[in-house]
Amino acid sequence: MSATRSPKVSERVAPKAADPQPQKKKRDEDDGPDFSTLLHAWIESHRASLLDSLRRLGKQPIGSFFTCLVMAVALSLPMGLSLLLNNVERLGGSWQRAAQISLYLQIDASANEGEQLREQIKGLPGVADAEYISREQALEEFQQQSGLGEALKELPQNPLPGVVLVTPNEVDKATLEALRQKLSELPKVQQAQLDLVWVERLAAILKLGERFVFGLTVLLVSALLLVIGNTIRLHIENRRTEIEVIKLVGGTDSYVRRPFLYMGALYGFGAGILSWGVLAFGLNWLNDAVVGLAGLYGSNFALAGVPVADGLSLLLGAVLLGYIGAWIAVARHLRELAPK
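Residues numbered from 1 in each chain as written. Predicted model: local features only at pLDDT ≥ 70, side-chain atom pairs only at ≥ 80, totals over all residues. Heavy atoms only, no water.

J.: Please explain the overall build of the chain as it appears in this structure.
T.: Scanning the chain for helices and strands turns up 13 helices and 4 strands. Counting all 340 residues of the chain, 32% fall into the buried class. A total accessible area of about 21900 Å² is found for the chain, and carbon and sulfur atoms account for 62% of it. (Helix = DSSP H or I, 4+ residues; strand = E, 2+ residues; numbered from the N terminus. Buried < 20%, exposed > 50% of the residue type's maximum accessible area, 1.4 Å probe, protein only. Areas by Shrake-Rupley, 256 points an atom, 1.4 Å probe, with all protein chains shown as cover.)

J.: I'm lost on the nonpolar core in this one. Help?
T.: Among soluble globular proteins, nonpolar side chains are generally buried collectively. Core analysis: the largest hydrophobic core is formed by 33 residues, its most contacted members being L75, I232 and Y267. Apart from the residues lying within four places of it in its own chain, the contact partners of I232 are F260, M263, G264, A326, A329 and V330. Core analysis: the next-biggest nonpolar cluster, separate from the first, contains 20 residues, A130, Y132, L176 and L194 among them. (Core = buried A, V, L, I, M, F, W, Y, C linked by side-chain atoms within 4.5 Å. Contact = heavy atoms within 4.5 Å.)

J.: Just to check I follow, could you spell out the packing of aromatic side chains for this structure?
T.: Aromatic ring pairs are described here by two measures, namely the spacing of the ring centres and the angle between the planes. For the structure shown, the criterion picks out 2 aromatic pairs. Centroid distance F65 to F66: 5.6 Å. Interplanar angle 75°. Geometry classified as edge-to-face. By relative accessible area, F65 is classed as partly exposed at 43%. For F66, a relative accessible area of 48% puts it in the partly exposed group. A cation sits over an aromatic face here: R257 above W327, 4.5 Å from the ring centre. (Phe/Tyr/Trp six-rings, centres within 6.5 Å; stacked < 30°, edge-to-face > 60°. Lys NZ or Arg CZ within 6 Å of the ring centre and 35° of its normal.)

J.: How should I be thinking about the pattern of salt bridges in this particular structure?
T.: Should their charged atoms come close, side chains of opposite charge can pair. Applying the stated criterion across every chain, the model contains 7 salt bridges. A salt bridge links E44 to R47; the shortest N-O distance between them is 2.4 Å. A residue pair is termed a helical-turn pair when its members lie 3 or 4 positions apart in one helix, as E44 and R47 do in helix 3 (residues 35–59) at 3 residues. What makes E44 partly exposed here is its relative accessible area of 32%. Ionic pairing is found between E119 and R118, a salt bridge with its closest N-O pair at 2.6 Å. Note on R118: relative accessible area 17%, which makes it buried. Taken together, the salt bridges that share partners define one network made up of D52, R55 and R56. (Salt bridge = Lys/Arg side-chain N within 4 Å of Asp/Glu carboxyl O.)

J.: What should I look at first to understand the UniProt feature "transmembrane region" (unreviewed entry) in the chain in this one?
T.: Residues given the UniProt feature "transmembrane region" (unreviewed entry) here are residues 62–85, 212–232, 260–281 and 301–330. End C-alpha to end C-alpha, residues 62–85 measures 34 Å, and it is 100% helix and 0% strand. Along residues 301–330, the helical share is 77% and the strand share 0%, with 49 Å between the first and last C-alpha atoms. (UniProt positions renumbered as here; feature names shortened; annotations may be inferred.)

J.: Looking at this model, I keep getting lost on a nonpolar patch on the surface. Mind explaining?
T.: Taken together, the side chains of L316, L320, Y323, I324, W327 and I328 present a nonpolar region at the surface, about 580 Å² in accessible area. Turning to its location among the elements, L316 is positioned in helix 13 (residues 308–334). (Patch = residues over 30% accessible without salt bridge, like charges linked within 9 Å, V, L, I, M, F, W, Y side chains within 5 Å.)

As structure tokens, then:
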């Protein structure tokens, strides 16, 4: 009788002891959502914040446009001055040509020796180009420019030497003086002349322009941060009650901050586009007058437009400024909106 009952007992006990499935299922549930689910939730949160920012800006098109326009004007001033400096530099020729070194050859130096010397100088380090002017060419140019053509014809021989004009790679006083000293020691060179005063004036003008643009950029960037910070502060005040409720139900600071950061970046993007357009229109508007003035002097000079690389840098900088300004404004006011 006991033999017939023992199998039934073993059948009842064995399945319960050998079945691990419920515990494994419980452990899987306790691990939480996987990485793909978290990534999808993160992307969806950012997408919702971006769409919410676009919707709120779209509800106030005039105010948003004028805010972007104010930022665009502030961005256009330093960028426009920098572009004008580049155009003025191009108008006056390169700084390297302004700092040419004139090598006056000996009177007995032949044209063949002058050409050989030019080829030798072009291969030297620190030299961008070299041009040889023969004695005959120098005399002809002097006759045309001085107006003493008939008097110079009465001279028994050509008193002007051949000249080699050397264009350096860079404009630096110490480097130019070292190059001039090296060139003066070459054979058939009687004198090496360099107008260092003119080089110093060019360098001082360029440094002054760069400092002025840098100082103006710092001031206007500070003003832009104040503008975007004040704009975001107004948006925060309009949503104060909503933010307090979100904080009360456990909303994190990053969740509250995210829509305002997108809003600041959108303001910067709009300002960058407007600034690029303002600069392109302004340069094109000035170009008509510049072309007319250059034509009076027999030149075909024209203002260059906004390079694509500079335009993209301007756009990226505007977006970063908007983002940073929004971050500062939100960080300042988020502490005040903490639940009490």
